[in-house]
Amino acid sequence: MSFDSRALRRQFPLFTRQPALHYLDNAATAQLPQVVLDALIAHETGRRANVARGAYPLAEEATEAYALARERVRRFLNAASVAEVVFTSGTTASINFFAHGFGARLGAGDEILVSEAEHHSNFVPWQQLAERSGARLRLLPLAADGRIDAARIEQFVSARLKLVAITHCSNVTGALTDLAAVVRAAHAVGARVMVDGAQAAQHGAPDVQALGVDAYAFSGHKCFGPNAIGVLWVRAELLETLPPVFAGGGMVGHVSLAKTTYAEPPARFEAGTPPIAQAVGLGAALEWMASLCWPEIRAHEERLGRCLLDALAAMPDVRILGPREMRERLPIVAFAVDGVHPHDLTQVLGDYGVCLRGGHHCAQPLHAAFGLEASARASLALYNDDADIDALLAGLDRARTMLR
Ligand code: PMP
């Protein structure tokens, strides 16, 4: 199928809204295509039952739909097995889950490495783990252009290093991390690499085997799927060694008054009734993504991102956070305008139908590294087009005049 951004946009009911919206907050959440809404409704109206419990046909159909969703996630990630795919409620839940499971084996003398560019969801769980386990949290610094300085990882690797928890792409600067360098250095000392894929996953399927990482987390709602569903993928050989974090129904082998044995992964890590329809919706979203022509989408997103970066770079009162070149980033562009608070700016833009986020974007350490409290952020997805960029730039001019 060849890429046509207008045809793509027509698949999203939100864009029939009048007056038209210029939705540029895709890093916060992406919109839902009709095919995903249809899949959700079909499931909830025709196949709603609990999974992995009942033996009647309706329950079996629901169980099969849930299993198919897992297989679709496996394909999206190019994971070796569905047993490596754990459904969670989102990236935050996936990372916390991993921090508790993997973290159970850490203690004083061990080290965890994160970067200064992390979203709070991939920072605070490790800070907490360090506090409760006695392990030491170390920080990979930023390069001058705001990228994670992966080349400096060599200074942090030693036999003490047990885990690197790092983002695939910054939700502020859009900068891509050199995961190959991170994996090489971490694995050389036997440390594991867990990747926060919340942003990267929206811009094309990550191949976890090619990346060589040990765990990968992402959210459904940023990948054109429903809320309250996410994934934690963990390499089988590691997942099998992790203790279950939550206990309850569905994750057990046998329970007696004296002792409980656990089910095999992934059931061992999915206690209680899972987010069934949400998983089905995510499966539909990932199938939809798989049906698209990604080289064309990448070229389209890159061209739009470059247009935006070039236009902002030509404004003397605008400071772009992160690398200037699109080849080093995804189309997520945070910027600061001299003398204009991002909250005021995004409010005025909102009045013109331009949806942009203003704030610290859950990345206060990163903003502190830039000497800022907050920024405005435009994040593009495959359905954005030149009209969205034009509306943003026109709104920026008007807001500047109004707010100064
Ligand atoms: N990590 C990154 C890089 C993110 O951008 C986000 C969402 N803004 C998260 C983690 C958290 O994702 P969620 O809120 O879906 O759990």
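Residues numbered from 1 in each chain as written. Predicted model: local features only at pLDDT ≥ 70, side-chain atom pairs only at ≥ 80, totals over all residues. Heavy atoms only, no water.

1. Structural notes on helix α9 (residues 276–290)
Okay, step 1: For α9, built from 15 residues, the straight-helix expectation of 21 Å at 1.5 Å per residue is met to within 8% by its first-to-last C-alpha distance of 21 Å.
Okay, step 2: Turning to α9, its buried residues are Ile276, Ala277, Ala279, Val280, Gly281, Leu282, Gly283, Ala284, Ala285, Leu286, Trp288 and Met289. (Helix = DSSP H or I, 4+ residues; strand = E, 2+ residues; numbered from the N terminus. Expected span 1.5 Å × (residues − 1). Buried < 20%, exposed > 50% of the residue type's maximum accessible area, 1.4 Å probe, protein only.)

2. Quick word on the site of the ligand
Okay, step 1: Around the ligand, a shell composed of Thr91, Thr92, His119, Ser121, Asn171, Asp196, Ala198, Gln199, Ser219, His221 and Lys222 is seen.
Okay, step 2: At 3.4 Å from an oxygen atom of the ligand is found a main-chain nitrogen or oxygen belonging to Thr91.
Okay, step 3: Within the side chain of Thr92, one N or O atom sits 2.6 Å away from an oxygen atom of the ligand.
Okay, step 4: Here the ligand loses 86% of its free accessible area of 390 Å² to cover by the protein chains.
Okay, step 5: Along the lines of polarity and charge, the residues of the shell around the ligand split into one nonpolar, eight polar and two charged. (Near = heavy atom within 4 Å. Polar contact = N/O pair within 3.5 Å; in protein donor to acceptor, adjacent residues only side chain to side chain. Areas by Shrake-Rupley, 256 points an atom, 1.4 Å probe, with all protein chains shown as cover. Nonpolar A, V, L, I, M, F, W, Y, C, P; charged D, E, K, R; others polar.)

3. Some thoughts on the domain arrangement of the protein chain
Okay, step 1: Per the domain assignment, the segments making up the protein chain are domain 1 (5–31 + 293–402) and domain 2 (37–290).
Okay, step 2: Relative to domain 2, the C-alpha centre of domain 1 lies at a distance of 28 Å.
Okay, step 3: Here domain 1 and domain 2 share an interface that buries about 2700 Å² over both sides, 60% of which is from carbon and sulfur atoms.
Okay, step 4: Of all residues in domain 1, Trp294, Leu330 and Leu366 bury the most surface against domain 2, accounting for 22% of the area lost on that side.
Okay, step 5: Inspection of the region where domain 1 meets domain 2 yields one salt bridge.
Okay, step 6: Close ionic contact of Arg147 with Glu328 constitutes a salt bridge, the shortest N to O distance being 3.5 Å.
Okay, step 7: Linking domain 1 with domain 2 are 21 residue pairs in polar contact (both at pLDDT 80 or more).
Okay, step 8: Elements supplying a minimum of two residues to the side of domain 1 that touches domain 2: α10 (294–313), β12 (332–337), α12 (364–369) and β15 (375–379).
Okay, step 9: Counting residues per element, the side of domain 1 that touches domain 2 draws most heavily on α12, at five residues. (Domains from an automatic or database assignment. Buried area = accessible area lost by both parts, 1.4 Å probe. Salt bridge = Lys/Arg side-chain N within 4 Å of Asp/Glu carboxyl O.)

4. Focus: empty space enclosed by the protein
Okay, step 1: Tallied over the full model, the rule gives one cavity of 30 Å³ or more.
Okay, step 2: Counted as a void, the largest cavity has a volume near 40 Å³.
Okay, step 3: If you go around the largest cavity, the residues you meet are Ala117, Gly146, Arg147, Ile148, Thr167, Ser170, Thr173, Ala175, Leu176 and Thr177.
Okay, step 4: The class makeup of the residues in the lining of the largest cavity is four nonpolar, five polar and one charged. (1 Å grid on protein atoms, 1.4 Å probe; cavity = no way out; pocket = protein on both sides within 12 Å on 5 of 7 lines; lining within 4 Å. Points joined across faces, edges and corners; volume = space filled by probe spheres on them.)

5. What to know about the packing of helix α4 (residues 91–103) against helix α5 (residues 124–133)
Okay, step 1: Where α4 contacts α5, the two axes come as close as 9 Å, and the packing angle between them is 25 degrees. Relative to α5, the element α4 is oriented roughly parallel. For α4 against α5, the interelement crossing comes out right-handed. Packed against α4, whose contacting residues are Ile95, Asn96, Phe98, Ala99, His100 and Gly103, the element α5 presents Pro125, Trp126, Leu129 and Arg132 at the interface.
Okay, step 2: Along the lines of polarity and charge, the residues of the contact of α4 with α5 split into six nonpolar, three polar and one charged. (Axes fitted to C-alpha atoms, helices over the stretch in contact; angles between N-to-C directions. Parallel < 35°, antiparallel > 145°, perpendicular 65-115°, else oblique. Left-handed = near helix turned anticlockwise from the far one by under 90°. Contact = heavy atoms within 4.5 Å.)

6. A look at the sheet that holds strand β2 (residues 85–88)
Okay, step 1: A sheet is described by the order of its strands in space; here seven strands give the open sequence β2-β8-β7-β6-β5-β3-β4, paired in mixed fashion. Where the open sheet ends on each side, the last strands, each with one partner, are β2 and β4 (136–140). Ignoring strand direction, the axes of neighbouring strands in this sheet form an average angle of 20 degrees.
Okay, step 2: As judged from the five bridges shared by strand β5 (residues 161–167) and strand β6 (residues 192–196), these two strands associate in the parallel manner. Opposite Val164, over in β6, you have Val193 as the bridge partner. (Pairing = 2+ DSSP bridges.)

7. Remarks on the nonpolar core
Okay, step 1: If you look at the biggest cluster of nonpolar residues, it comprises 77 residues, and the most contacted ones within it are Leu77, Phe218 and Phe224.
Okay, step 2: The element best represented in this core is α9, accounting for nine residues.
Okay, step 3: Summarising the domain contributions, this core has at least three residues from each of domain 1 (5–31 + 293–402) and domain 2 (37–290).
Okay, step 4: Membership of the second largest hydrophobic core comes to 27 residues, among which are Met315, Val318, Leu380 and Ala391. (Core = buried A, V, L, I, M, F, W, Y, C linked by side-chain atoms within 4.5 Å.)

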